[in-house]
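# Fold and geometry: a report
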Amino acid sequence: MIEESIPGCALSGIPWIRTTDGPLTVREVLTDAHRIQGIDTTLNGIQVGAQLRFLTAVAALIIRRSSSTGSFSTEGIDAVLGELAPRTSIFDPERPFLQVPAGTEPVAAGDKTPVKKLYPWMPADRAEAFWSANTVPKTLDPADAVLALAVHYHYSFGGNNSIGGRSCVNGSPGIRYPGVGFTATEVLWQGKNLFETILMNTPTAWVSGEGLPVWADPSAARSMAQNGQVEHPLWRATWGSNTAQCLWVDGTLTAVSTGGSPHLPPTAGAGKDGAKAWWDQRNTEDSFYLYVDVEKTNAAGVVTDIQRKMQRLDLGRYETDLAVEWNAKGLSQAVRSRSKATVLPPGRESQLIFLRHLVEGSASSPVVRRTEVLVSSPKKWMVAEERAHAVADAALMIRAACAAVTAPFTMKGRLTALRDRRTDVETAFWIKVSPLFEKFITNGTGEEIDAGLWPLVRRAAMEAFDEVTATAPAAKLAPFIMTARGRVAMNVADVLGLRVKKMA
């Protein structure tokens, strides 16, 4: 094959894809995808996402060329990799893979150009403290370097680093800025093998037409619509705002500079505002994030605006709390609807994978402080279509019960002296409600929720309240606790539609 003769070929020469079968080349992964369980999920969420984003982009081109029933066609794989080969060498002096050429100001090794700049979880001001002395990468071999370049390409944020006067800016395809302390959340499907996983996350819009990924067609020469009004969906999905300039010494990545990409979307408006408007719109089209239309109403309940918003599963919350919120918003239906536009619709046993990226730092220099993979239980997160409305209503009631039991533990509540225990009450509630949620909601059948659930939810709420207040430090709080308990019991009963005649 032509690409095998290219030094440093990122498609068939370097085993940078980390699978459950070990490190493999892109060609090996695609050839054996139907026999490989999946990407190695012991990696962090960003590393998993970078590999899946790259594989789905290449898979779209293979499916475009040949039928893929049960496995990818070897002929189709070789044809596509051969076509992409000219832009896949990490050492190419003029068009290096996921980099810009050295140009007239090549990178010099030193403290200002460490290879760790490629990682979006490395805060610039505290990098050495963030990593132990033994794990700060000083150099990267080709396999680690390609994965790091893919991570940077897909997940880098804005910052002060620059190349040729172009500073890093937000706009990378795989990451969002949800606000400091919040969690950008990718929502993907996982099948019984990697082949299914790739197809379930590849939009059909990427397959049609002649568009290529940006790294293979940076100027969009082949990826513009015939009318010139919009870029091909695959090009839009893979455009990244930032790039890297690398110093390779004897095949080892020794130094890196990062900065803004020289390749801007042809249809982006002028200036920073025009570019931001382009990538904000592109982000809502991303098949790895879940966006839903959220209505904004006025005091009279009239809808005044509809905004398309990214859905999050924030870190630091109990999983049942997140699952209940997910169902309260009807997101199982939303993700099913989104999946109708992929090459392979998910089956009943398909699982959702959540890639969660906690963002800290500042708005001007954000950093991913934590990134992880959460593989869901199908029954906990996805409910049957005919049951969706009942489950959403039930989830809203459970969330209301949680709000009622935690209400006294606030600055305006009856137990302000215990306001620091609000999180403890919330956690206790979700621990006690979790088995009820699974038994009556996710494992239930039919279009109704078993009415036997609600007295049990009320009991769980009161037990959570009692468990936390039993450790109150001062006896003088006892009258306030008793009063608050009575109010909580009534409020919980009210939101659950129960009439309480006797205190629990």
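For clarity, every value in this text was computed on a predicted model and none was experimentally measured. (Residues numbered from 1 in each chain as written. Predicted model: local features only at pLDDT ≥ 70, side-chain atom pairs only at ≥ 80, totals over all residues. Heavy atoms only, no water.)

Glancing now at helix 2 (residues 45–65). Helical geometry note: an α-helix holds 3.6 residues per turn, so side chains three or four residues apart project in the same direction. With 21 residues, helix 2 should reach 30 Å at 1.5 Å per residue; the first-to-last C-alpha distance of 31 Å fits that figure. Among the 21 residues of helix 2, 19 are classified as buried, and the element is accordingly described as predominantly covered. Residue Asn44 occupies the N-cap position of helix 2, its side-chain oxygen lying 3.1 Å from the main-chain nitrogen of Ile46. (Helix = DSSP H or I, 4+ residues; strand = E, 2+ residues; numbered from the N terminus. Expected span 1.5 Å × (residues − 1). Buried < 20%, exposed > 50% of the residue type's maximum accessible area, 1.4 Å probe, protein only. Polar contact = N/O pair within 3.5 Å; in protein donor to acceptor, adjacent residues only side chain to side chain.)

Attention now moves to the packing of aromatic side chains. As enumerated under the stated definition, the model contains 15 aromatic pairs in all. A ring pair is formed by Phe54 and Trp215, whose centres lie 5.0 Å apart and whose planes are at 20°; its orientation type is stacked. One end of the pair, Phe54, is in helix 2; the other, Trp215, is in the loop between helix 7 (204–207) and helix 8 (233–238), and 161 residues separate them in sequence. Accessibility classification places Phe54 together with Trp215 in one group, the buried group. Ring centres of Trp239 and Trp279 lie 6.4 Å apart, and the angle between their planes is 20°; this geometry places the pair in the stacked category. Of this pair, Trp239 sits in the loop between helix 8 and strand 6 (242–249) while Trp279 sits in helix 9 (residues 271–284), and the two are 40 residues apart along the sequence. A residue is classified by how much of its surface remains accessible, and Trp239, at 3% relative accessible area, is buried. (Phe/Tyr/Trp six-rings, centres within 6.5 Å; stacked < 30°, edge-to-face > 60°.)

So, about the nonpolar core. Counting residues in each nonpolar core, the largest one holds 87 residues, and the members touching the most others are Trp16, Leu30, Val58, Phe72, Trp215 and Leu253. At 13 residues, helix 2 tops the list of elements feeding residues into this core. Those residues in contact with Phe72 that sit more than four places away from it in its chain are Leu30, Ala33, Ala59, Ile62, Ile63, Ile77, Phe195, Ile198 and Leu199. Among the nonpolar cores identified, the runner-up in size contains 58 residues, and Ile398, Val425, Phe429 and Val492 belong to it. (Core = buried A, V, L, I, M, F, W, Y, C linked by side-chain atoms within 4.5 Å. Contact = heavy atoms within 4.5 Å.)

Here we take up the packing of helix 10 (residues 319–328) against helix 13 (residues 388–406). Running from N to C, helix 10 and helix 13 point in directions that differ by 130°, and their axes come no closer than 7 Å. Judged by the inter-axis angle, helix 10 sits oblique to helix 13. Relative to helix 13, helix 10 is oriented so that their crossing is left-handed. Contacts from Asp321, Val324, Glu325, Asn327 and Ala328 in helix 10 reach Val391, Ala392, Ala395, Leu396, Ile398 and Arg399 in helix 13. Tallied by class, residues from the contact of helix 10 with helix 13 come to seven nonpolar, one polar and three charged. (Axes fitted to C-alpha atoms, helices over the stretch in contact; angles between N-to-C directions. Parallel < 35°, antiparallel > 145°, perpendicular 65-115°, else oblique. Left-handed = near helix turned anticlockwise from the far one by under 90°. Nonpolar A, V, L, I, M, F, W, Y, C, P; charged D, E, K, R; others polar.)

Keep in mind these numbers describe shape, not what the thing actually does.
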